[in-house]
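Structural overview for review
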Amino acid sequence: MRLSRYFLPVLKENPSEAQIVSHRYMLRAGMIKQQAAGIYSWLPLGYRVLKRIEQIVHEEQVRAGHIPLLMPTLQPADLWRESGRYDDYGQEMLRIRDRHDRDMLYGPTNEEMITDIFRAHVGSYKDLPMTLYHIQWKFRDEVRPRFGVMRGREFLMKDGYTFDIDRDAALHAYNRHMVSYLRTYERMGLTAIPMRAASGPIGGDNTHEFLVLASTGESEVFYDQAVTELKLGPREVDYDNRAEVEGICKEFTTLYARTDETHDAALFDQIPEDRRRVGRGIEVGQIFYFGTKYSASMGALVVNDKGERVPVEMGSHGIGVSRLLGAIIEASHDDKGIIWPEGVTPFPVGIVNLKQGDSGTDAACDALYKALAAKGLEALYDDREERAGAKFATMDLIGLPWRITVGPRGLAAGVVELTSRRSGLSEEMSAEAAVDRIAQIYAAHR
RNA sequence: CGGAGCGUAGCGCAGUCUGGUAGCGCACCUGCUUCGGGAGCAGGGGGUCGGAGGUUCGAAUCCUCUCGCUCCGACCA
């Protein structure tokens, strides 16, 4: 993409409404525009990152054997009357009436609807296990939306629903989600720690929240420092292998890590003192096992191998997709702007032409741009008639992890400059070597 | 929902107390110079002062109502 033809409305000054760093940078980098309290348009750069995150979530869900579908944003109230939540949910639910005076709502979540789909089409244990998920916009009419996309009213969320014949199978589904989530967050360059959580309005007793440590987090967290060093890494996981999946979950949940809701001071004090940590975290996902809460009330029954009709065992598992943009920025930025992890960056690399209009640098940048494209890497090429400083400042702000700088001085010596946004370190090399290096870096993130 | 603020050009703000022909910086347009970390000079364009009503010879400014947004708290993915 040539920046001269792109739509990237960056701001030099901080918009006054933004208090926290991720919100400020998302506005300044031209990623979002607020349309109403807690409701945002996703401008091209933000949309790219949102789609990258969504893509990673999809890939890891499918890898775990889960099946994508798509449910609507608007739902009939009657389904929610069946579960009893139409009255329980309160003011956070946005209620709408259509022209025929039917009660509708903008879905804050989808347990009822997925249960309706399931009961209409599935009746036998032989169809289980099954996990259906979708990535869809939700709406919760928060009293006080804030922090940009971290706590909007409209938000994009992946929610998955598991259906199993018994508790053991349902707990395996729970564990499978935990592992798939660990992998998802790692691919985004995040350390998200599963913490034992309280169940909240969705109900159920087995539940973990995934928290990204950040001083701006909404939850107070207590943890053993060692838990932050755990990595899933590139290991192959057989998601059907219950023992293996359970083993990984044990590995990640044995060390102490809890939110203030479930914090146990006595247990916390048993951690060696030098590893005890109290901090704040941003919740980016949650997994629940809740058994037959919805299947019993809504009549989602399956026949088991003894011929008995029993309510199906369920769980629901969510990832806050749009919120993740804020969480990633909170976890990865400096005073100049965002620093995108390679896994989610809107563009893998930026090209800065230091002397726009000079036939030599123009040609070299064009060639570089094409060479990157030939490797499947879409560069953001700053071909504007701007001075070097302005181009560098823009690149730093929008946070592309790698930058290739092309100037007449370097070209005379046959080199371009490759700079890491994260370390700030630059290295001179031939254009070909720079392309190869970038390609190699991103090969690990495919 | 309790408390506190703010709406003036795309963004950041002054002007409001004390009514008198709407300003500054950035951004934008033109020209010249400049050219490796958000350039300089000169010129230029852009605003129903959130909205409605009222007071007044005259309202961004005073009064009433209203809408929107932000912050603190409670709540929440």
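Residues numbered from 1 in each chain as written. Chains lettered and ligands numbered in written order. Predicted model: local features only at pLDDT ≥ 70, side-chain atom pairs only at ≥ 80, totals over all residues. Heavy atoms only, no water.

1. Side note on unusual backbone geometry
Residues Leu-128 and Pro-129 are joined by a peptide bond in cis, for which omega reads 0°. By the secondary structure assignment, Pro-129 is in the loop between α5 (111-121) and β7 (130-139). Here the phi dihedral of Asp-101 falls at roughly 70°; this positive angle occurs in a residue that is not glycine. Classification of Asp-101 by relative accessible area gives exposed; the value is 56%. Residues other than glycine seldom take positive phi values, yet Phe-147 does so here, at roughly 60°. Looking at the element boundaries, Phe-147 is found in the loop between β7 and β8 (154-164). (Helix = DSSP H or I, 4+ residues; strand = E, 2+ residues; numbered from the N terminus. Buried < 20%, exposed > 50% of the residue type's maximum accessible area, 1.4 Å probe, protein only.)

2. Digging into the packing of helix α6 (residues 167-187) against helix α7 (residues 242-253)
One way to put it is that α6 packs onto α7 with a least axis distance of 9 Å and a crossing angle of 60°. Considering their axes alone, α6 and α7 lie oblique with respect to each other. Of the two possible hands of crossing, α6 and α7 adopt the one that is left-handed. On the side of α6, the interface is formed by Asp-168, Ala-169, His-172, Asn-175, Arg-176, Met-178, Val-179 and Leu-182, while α7 contributes Arg-242, Val-245, Glu-246, Ile-248, Cys-249, Phe-252 and Thr-253. Here the contact of α6 with α7 is composed, by residue class, of eight nonpolar, three polar and four charged. (Axes fitted to C-alpha atoms, helices over the stretch in contact; angles between N-to-C directions. Parallel < 35°, antiparallel > 145°, perpendicular 65-115°, else oblique. Left-handed = near helix turned anticlockwise from the far one by under 90°. Contact = heavy atoms within 4.5 Å. Nonpolar A, V, L, I, M, F, W, Y, C, P; charged D, E, K, R; others polar.)

3. What about the sheet that holds strand β21 (residues 402-406)?
Read from one edge to the other, the open sheet built from five strands follows the order β20-β19-β21-β22-β23, with strand pairing classed as mixed. Edge positions in the sheet fall to β20 (380-382) and β23 (426-429), since each of these pairs with one other strand and no more. Averaged over all adjacent pairs, the angle separating strand axes in this sheet is 20°, with direction ignored. Inspection of the sheet shows strand β19 (residues 350-353) paired to β21 by four bridges, in the parallel sense. Of the residues in β21, the one forming a bridge with Val-352 is Thr-405. Along the sheet, helix α11 (residues 359-374) contacts β19, β20 and β21; its crossing angle with β19, the most-contacted strand, is approximately 170°. (Pairing = 2+ DSSP bridges.)

4. Looking at the pattern of salt bridges
Any two side chains of opposite charge can pair, given that their charged atoms come close. Scanning all chains against the criterion turns up 30 salt bridges. The partner of Arg-151 in a salt bridge is Glu-142, and the shortest N-O contact between them spans 3.2 Å. Taking the relative accessible area as the measure of exposure, Glu-142 reaches 17% and is therefore buried. With a closest N to O distance of 3.3 Å, Lys-250 and Glu-246 form a salt bridge. Placement of both Lys-250 and Glu-246 in helix α7 is noted, with a separation of four residues, approximately one turn of the helix. We classify Glu-246 as partly exposed; its relative accessible area is 37%. Ionic contacts of the salt-bridge type, sharing partners, join the residues Glu-59, Glu-60, Arg-63, Arg-183 and Arg-187 into one network. (Salt bridge = Lys/Arg side-chain N within 4 Å of Asp/Glu carboxyl O.)

5. Details of the environment of Asn-206
Along the chain, Asn-206 falls in strand β10 (residues 206-213). When its relative accessible area of 25% is taken as the criterion, Asn-206 is described as partly exposed. Sequence separation between Asn-206 and Phe-288 is 82 residues, and the spatial gap between their C-alpha atoms is 5.8 Å.

6. What to know about the protein's contact with RNA strand B
Lining the immediate environment of RNA strand B, one finds 36 residues, of which Arg-144, Gly-152, Glu-283, Asp-396 and Glu-417 sit closest. Sugar and phosphate atoms represent 43% of those atoms of RNA strand B found within 4 Å of the protein. Within the side chain of Lys-12, a nitrogen or oxygen atom sits 3.0 Å from a sugar or linking oxygen of RNA strand B. Between Arg-387 and RNA strand B, the recorded distance is 2.7 Å, taken from a side-chain N or O atom to a base oxygen. Elements represented by at least two residues in the surface near RNA strand B include exactly β1 (32-36) and α12 (388-398). The residue makeup of the surface near RNA strand B, split by class, is eleven nonpolar, eight polar and 17 charged. (Near = heavy atom within 4 Å. Polar contact = N/O pair within 3.5 Å; in protein donor to acceptor, adjacent residues only side chain to side chain.)

7. Let's talk about the sheet that holds strand β4 (residues 74-76)
On the basis of which strands lie adjacent, the open sheet formed by three strands has the order β4-β6-β5 and antiparallel pairing. The sheet terminates laterally at β4 and β5 (94-97), the two strands that pair on one side only. When strand polarity is set aside, the average angle formed by the axes of neighbouring strands in this sheet is 35°.

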